[in-house]
Structures are given as structure tokens and as C-alpha cells.
Amino acid sequence: MIGRVLTIAGSDSGGGAGIQADLKTVTALGGFGMSAITALTAQNTLGVFGVEAVSPAFVLQQMQVVLDDLGADCCKTGMLANAAIVHVIADELGRRSELPLVLDPVMVSTSGSVLLDPEAVEAVMTRLLPRALVVTPNIPEAEVMTGQVIADLGGMRSAAQVLQEKGAGAVLLKGGHLHGDELEDLLVFPDGREVVLRGERIKTRHTHGTGCTLASAIATGVAQGMSLEAAVVRGSQYLRLALLHAPELGRGHGPVDHGVTIRPEWHQS
């Protein structure tokens, strides 16, 4: 099963995050990637220097023509720019209840640029969070979404519970922003079962687009018929390899290597 993935996100002119990272990841893992672009950004490894949002009507048109013709096995959202765009996406996904959604709540770029206004954050929380198969916030995003300060694994558990109380299904809370040489990502399922993914921190400044990459990898696994847990584990392994083999481009937060050689068994038949 090739696995068709529709990513709805912003374009990164630097190629390390956003639509570009999403499509590279889907292809690397043996899926077929399609896109609906929500915003154009002028950015590189040093920051985001300009943003031009796409009209909500055109975001919707991109989604509809792709889904009506090629179809999709999973949808993934990233940077959504503003509340009006969030609402048209939610309306269209509401008409396609069978389509799984991986929600990457992109709010702040790696370089610190704000990518989602407060009204749009509220729209994501009320319209998309309850619709998602899994939501994949990092620590800063989870703090915005829950109003809690997260300092350790216990805080991550508490935040995941709050997100589920707000309507989330499964929650993958990424712990990379916490201190320490050992990283912990927390995956909590709707029934309360949890999986803690542990790994040694990779000391690198080349982390641009890691959130986009992981969410797209998970969406690809789901589209290929993998269980959510298996998709998360494979996605984490792929991201780790991509970080280890980062091409060291740019003067700031450089991109990972989306074309890293992967294990043959990662491609789902």
C-alpha cells in the first residue's frame, strides 16, 4: 500500500520545513505526497522574514480537487496561518469523517517566529483538536494549548491529560525542549495507555523542520495501514537518522537530511 498523504501547511522557501519537508518525508518513507498550501514564507535557517497567507477559498479549492480526484489515506496539517483558514479546513474535513488527521499544531518556528495568531490557536483547539487521530505538540506548543508550565515527564503527562480533556484523541508530546542528555517523548492513547520513547539527545543546531518531519512520517505510516504506535516509532527512528546525517547547511538552524538512506522494511507494501 503506497499510502496517500495530503499535507495542508505553509511553504518554506528554505526547503527544511513546511510543505517541502512534508513531501520529502512522505516520499522517503514510500508514500505519495500531495499538498494544499496555506501560506508562502520567505525564510531560511536564520528566521522567517515574510509571510503571505493564501486565501481561505483557495486553500479549500486545493484540498477539494486533490481529494476528489486522487483521494487520501491520511491528512496532516502544519502551519495554518489564520483562523479563517482553520475553519475552512475543519469544514472540509468534517465532510470527510473517514479521513485520519495528524495535527501538528505549528505555532512558533525553530528560530522563534510566531506563525499562528491567538484567534487561530483557539480555532485549532475547538475545530481541529477533537477531529485529530493524534496531535503532536512540542513543549512550548503544549504550554500554549494547556496554560501549564511543563518541566518534566510528570508535567508532560498532566498536559496530555488536559489536551484529552479538551477533545484530543491520542497525544504525542515531544520533550526535546526539556533539559538533559536523555530525551523523552510521551505518546498517550485515548484509553490512557502510554508509551515513553527515550533516546540520547543529538547535539546539533540543525533541527529546522523536525516537527514537520516527524508529523509527516507518522501520517505516512497511518496512510500505509500501520498502527499509530508503529507509525510513531518508525517516524522517530527516521527523524533520528535524518538528524544524525544533517547536511550542515545554513548559518542558523539548518535542515535535517530527509533523503537519508532508510531501512528497506520501512517501505510498506
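Structure report, in brief. Quick caveat: nothing in here was measured; it's all calculated off a predicted structure.

Right, let's get into the overall build of the protein. Helix and strand content of the protein: eight helices and nine strands. Compactness check: the protein gives a C-alpha radius of gyration of 17 Å against a globular reference of 18 Å for 269 residues, within 12% of the reference. Residues classed as buried in the protein amount to 55% of the 269 residues present. At a minimum sequence separation of 6, the contacts of the protein that also span at least 24 residues come to 68%. Looking at the protein as shown, the accessible area adds up to about 11,200 Å², and 54% of this sits on carbon and sulfur atoms.

Moving on to the pairing of strand β9 (residues 194–200). Of the strand pairs in this sheet, strand β8 (residues 182–188) and β9 are connected by seven bridges, and their pairing is antiparallel. Its bridge partner being in β9, E182 is matched across the sheet by E200. Here β8 folds back onto β9 in antiparallel fashion, the turn holding five residues, of which G192 has a positive phi close to 95°.

This part takes up helix α2 (residues 56–69). Since one α-helical turn is 3.6 residues long, residues separated by three or four positions face the same way. Spanning 14 residues, α2 covers 20 Å between terminal C-alpha atoms, matching the ideal 20 Å at 1.5 Å per step. By the burial criterion, the buried members of α2 are V59, L60, Q62, M63, V66 and L67. Seen end-on, α2 carries its buried residues on one side only, within an arc spanning 155°. Counted as exposed and oriented over 90 degrees from the buried face of α2: A57, V65, D68 and D69. Packed against the buried residues of α2 are β1 (4–12), β2 (32–44) and α3 (83–94). Looking one or two residues beyond α2, the residue adopting positive phi is G71, at roughly 75°.

This brings us to the packing of α3 against helix α4 (residues 118–128). At a minimum axis separation of 8 Å, α3 and α4 run at an interaxial angle of 15°. Classified by the interaxial angle, the pair formed by α3 and α4 is roughly parallel. The crossing of α3 and α4 is right-handed. Only E119, A120, A123, V124, R127 and L128 of α4 make contact with α3, whose side of the interface consists of A83, V86, H87, I89, A90, D91 and L93. When grouped by side-chain class, the residues that make up the contact of α3 with α4 number nine nonpolar, one polar and three charged.

In this model, A81 sits at a positive phi of 70°, which is unusual for a non-glycine residue. For A81, the position within the fold is in the loop between β4 (74–77) and α3. Positive phi values are uncommon outside glycine, yet E248 reaches one of about 60°. The residue E248 is located in the segment after α8 (228–244) in this model.

This part covers the packing of α2 against α3. Contact geometry of α2 with α3 gives a least axis separation of 9 Å together with a crossing angle of 30°. Classed by the angle they form, the pair α2 and α3 counts as roughly parallel. Note on packing geometry: the crossing formed by α2 with α3 is right-handed. Contacts between α2 and α3 pair P56, V59, L60, M63 and Q64 from the former with A84, I85, V88, I89, E92 and L93 from the latter. Looking at the contact of α2 with α3 residue by residue, the classes come out as nine nonpolar, one polar and one charged.

Here the focus is the pattern of salt bridges. Pairing between side chains of opposite charge can happen when the charged atoms of each approach one another. Applying the stated criterion across every chain yields a total of nine salt bridges. Of the charged contacts in the structure, one is a salt bridge between D73 and R4, with a shortest N-O distance of 2.8 Å. Here the residue D73 occupies a position in the loop between α2 and β4, and R4 occupies one in strand β1, the gap between them amounting to 69 residues. Owing to a relative accessible area of 18%, D73 belongs among the buried residues under this scheme. On the basis of relative accessibility, which here comes to 29%, the residue R4 falls in the partly exposed class.

Criteria and thresholds
Residues numbered from 1 in each chain as written. Predicted model: local features only at pLDDT ≥ 70, side-chain atom pairs only at ≥ 80, totals over all residues. Heavy atoms only, no water. Helix = DSSP H or I, 4+ residues; strand = E, 2+ residues; numbered from the N terminus. Rg over C-alpha atoms; globule rule 2.2 N^0.38 Å. Buried < 20%, exposed > 50% of the residue type's maximum accessible area, 1.4 Å probe, protein only. Contact = heavy atoms within 4.5 Å. Areas by Shrake-Rupley, 256 points an atom, 1.4 Å probe, with all protein chains shown as cover. Pairing = 2+ DSSP bridges. Expected span 1.5 Å × (residues − 1). Arc of directions from axis to C-beta. Axes fitted to C-alpha atoms, helices over the stretch in contact; angles between N-to-C directions. Parallel < 35°, antiparallel > 145°, perpendicular 65-115°, else oblique. Left-handed = near helix turned anticlockwise from the far one by under 90°. Nonpolar A, V, L, I, M, F, W, Y, C, P; charged D, E, K, R; others polar. Salt bridge = Lys/Arg side-chain N within 4 Å of Asp/Glu carboxyl O.

Read these as spatial facts, not as claims about activity.
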